[in-house]
Amino acid sequence: MLRSNDRFAEFWPDYLRAHRKPGTRICHYIATLWGVSLSLYGIATLQIGYVIAAIAGGYALAIGSHYAFRDGKTLVGRSAVMGACADFRMIGLALMGRLDDEFRKYGIADKESSGK
């Protein structure tokens, strides 16, 4: 549930911590691409089933990745909307080669890759 005092600036570092492992991030990239692509197809062809499948499949993959890669809890219960916005921000930063800078900015490291 969205807390009334929760702002994106406060949400973002928690989101990064929850997505510190590369496997979790890759699953989120795929889930977001799946969700956007299938939603657009469903809208373009006026087939609501594709939109529903896009949302359900995207969330299932994204949420499942946190358990598959032992990242811990998801943040979807805190704010699904901010989580979706953060997914797009994460993808944008990754495409621009700036995601590692964000992790460093907040002092977040992948325990597996950093050896800690």
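This is a predicted model, so every value here is computed, not measured.

Asker: Just to check I follow, could you spell out the overall build of the protein for this structure?
Answerer: Of regular secondary structure, the protein possesses 6 helices and 0 strands. Within the span of the protein, comprising 116 residues, buried residues form 38% of the whole. Taking contacts inside the protein between residues at least 6 apart in sequence as the whole, the part at least 24 apart equals 75%.

Asker: Is there a simple way to think about the pattern of salt bridges in this case?
Answerer: Close approach of charged atoms allows side chains of opposite charge to pair. Considering all chains together, one arrives at 4 salt bridges under this definition. We note a salt bridge from Arg-104 to Asp-101, for which the minimum N-O separation is 2.6 Å. Within this pair, Arg-104 and its partner Asp-101 are both found in helix 5 (residues 99–105), separated by 3 residues, close to a single helical turn.

Asker: Just checking my understanding: could you explain unusual backbone geometry for this structure?
Answerer: Backbone phi values are negative for most residues with the exception of glycine, while trans is the configuration of most peptide bonds. Here Leu-46, not a glycine, exhibits a phi torsion of approximately 55°, which is positive. Among the secondary structure elements, Leu-46 is positioned in the loop between helix 2 (22–44) and helix 3 (48–68).

Asker: Could you clarify how one ought to interpret the packing of helix 2 against helix 3 in this entry?
Answerer: Close contact between helix 2 and helix 3 brings their axes to 7 Å; oriented N to C, the two are set at 175°. Comparing the axis directions of helix 2 and helix 3 gives the class roughly antiparallel. On the side of helix 2, the interface is formed by Thr-24, Cys-27, His-28, Ile-30, Ala-31, Trp-34, Gly-35, Leu-38, Ser-39, Tyr-41, Gly-42 and Ile-43, while helix 3 contributes Tyr-50, Val-51, Ala-53, Ala-54, Gly-57, Gly-58, Leu-61, Ala-62, Ser-65 and His-66. Here the contact of helix 2 with helix 3 is built from residues that sort into 13 nonpolar, 9 polar and no charged.

How each quantity is defined
- Residues numbered from 1 in each chain as written.
- Predicted model: local features only at pLDDT ≥ 70, side-chain atom pairs only at ≥ 80, totals over all residues.
- Heavy atoms only, no water.
- Helix = DSSP H or I, 4+ residues; strand = E, 2+ residues; numbered from the N terminus.
- Buried < 20%, exposed > 50% of the residue type's maximum accessible area, 1.4 Å probe, protein only.
- Contact = heavy atoms within 4.5 Å.
- Salt bridge = Lys/Arg side-chain N within 4 Å of Asp/Glu carboxyl O.
- Axes fitted to C-alpha atoms, helices over the stretch in contact; angles between N-to-C directions.
- Parallel < 35°, antiparallel > 145°, perpendicular 65-115°, else oblique.
- Nonpolar A, V, L, I, M, F, W, Y, C, P; charged D, E, K, R; others polar.

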